[in-house]
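Results of the structural survey
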Amino acid sequence: QDPKGDAGMDLPLDGEGSFDDDMFDSATGIPEEILKEWSEDNMANDILRNFQTGAPEAGQENMLAFRDVYKLLEVLGLDREQFVLMFMRDWEEGEEEEKNEDKPV
C-alpha cells in the first residue's frame, strides 16, 4: 500500500525522495521517563482517545491513525505547513552543520 497524504499526494518511501530518517532525530531524544509519565496519565490518554476514529483493533487501543493525529495537530493550532517546516528547519540545520564539519580547516 502506497502512503498518501490527505490531498492524495505520494509520500516518499525509504530510499525515495528527500525524506531521511535522520531528519526526525530531534523527536527521538525525548527521555523515556517523560514518555512513561505520558503513558501513565489517565486524563491525557482519555483526551487522546477522543481523537481516535472508529473502534481500535485488539492490541491497538492506545494507537492513533495518522488521520487522528492530523485532527489533533489542527486542534492544537499546528497546521500541516507549520508541522513540516518545524522538522525541515531542524533537518536543514543538521545538513549545514555536516557540510561545515566536512570542510578542511
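Please refer to the structure higher up on the page.
A short tour of the structure in this document, coming up. (Residues numbered from 1 in each chain as written. Predicted model: local features only at pLDDT ≥ 70, side-chain atom pairs only at ≥ 80, totals over all residues. Heavy atoms only, no water.)

Here's the deal with the pattern of salt bridges
- Tallied over the entire structure, the rule returns three salt bridges.
- Where Lys 36 meets Glu 40, a salt bridge forms, and the shortest distance between an N and an O atom there is 3.5 Å. A residue pair is termed a helical-turn pair when its members lie 3 or 4 positions apart in one helix, as Lys 36 and Glu 40 do in helix α2 (residues 32–40) at four residues.
- Accessibility expressed as a relative area gives 48% for Lys 36, which makes it partly exposed.
- Asp 46 is paired through a salt bridge with Arg 49; the nearest N and O atoms lie 2.9 Å apart. Of this pair, Asp 46 and Arg 49 are both found in helix α3 (residues 42–49), three residues apart, which corresponds to roughly one turn of the helix.
- Given the relative accessible area of 35%, Arg 49 is considered partly exposed. (Salt bridge = Lys/Arg side-chain N within 4 Å of Asp/Glu carboxyl O. Helix = DSSP H or I, 4+ residues; strand = E, 2+ residues; numbered from the N terminus. Buried < 20%, exposed > 50% of the residue type's maximum accessible area, 1.4 Å probe, protein only.)

As for the packing of aromatic side chains
- Counted according to the given criterion, the structure contains one aromatic pair.
- Each ring, one from Phe 83 and one from Phe 87, has its centre 5.2 Å from the other, and the planes form 65°; the classification is edge-to-face. Placement of both Phe 83 and Phe 87 in helix α5 (residues 80–102) is noted, with a separation of four residues, approximately one turn of the helix.
- A relative accessible area of 34% places Phe 83 in the partly exposed class.
- With a relative accessible area of 15%, Phe 87 lands in the buried category. (Phe/Tyr/Trp six-rings, centres within 6.5 Å; stacked < 30°, edge-to-face > 60°.)

Structural notes on helix α4 (residues 66–75)
- Turning to α4, its buried residues number three or more, namely Asp 68, Leu 72 and Leu 73. For α4, the angular spread of buried residues about the axis comes to 135°, placing them on one side. Turned more than 90 degrees away from the buried face of α4 sit Phe 66 and Arg 67, all of them exposed.
- The first or second residue beyond α4 is Gly 77, which carries a positive phi of 85°. (Arc of directions from axis to C-beta.)

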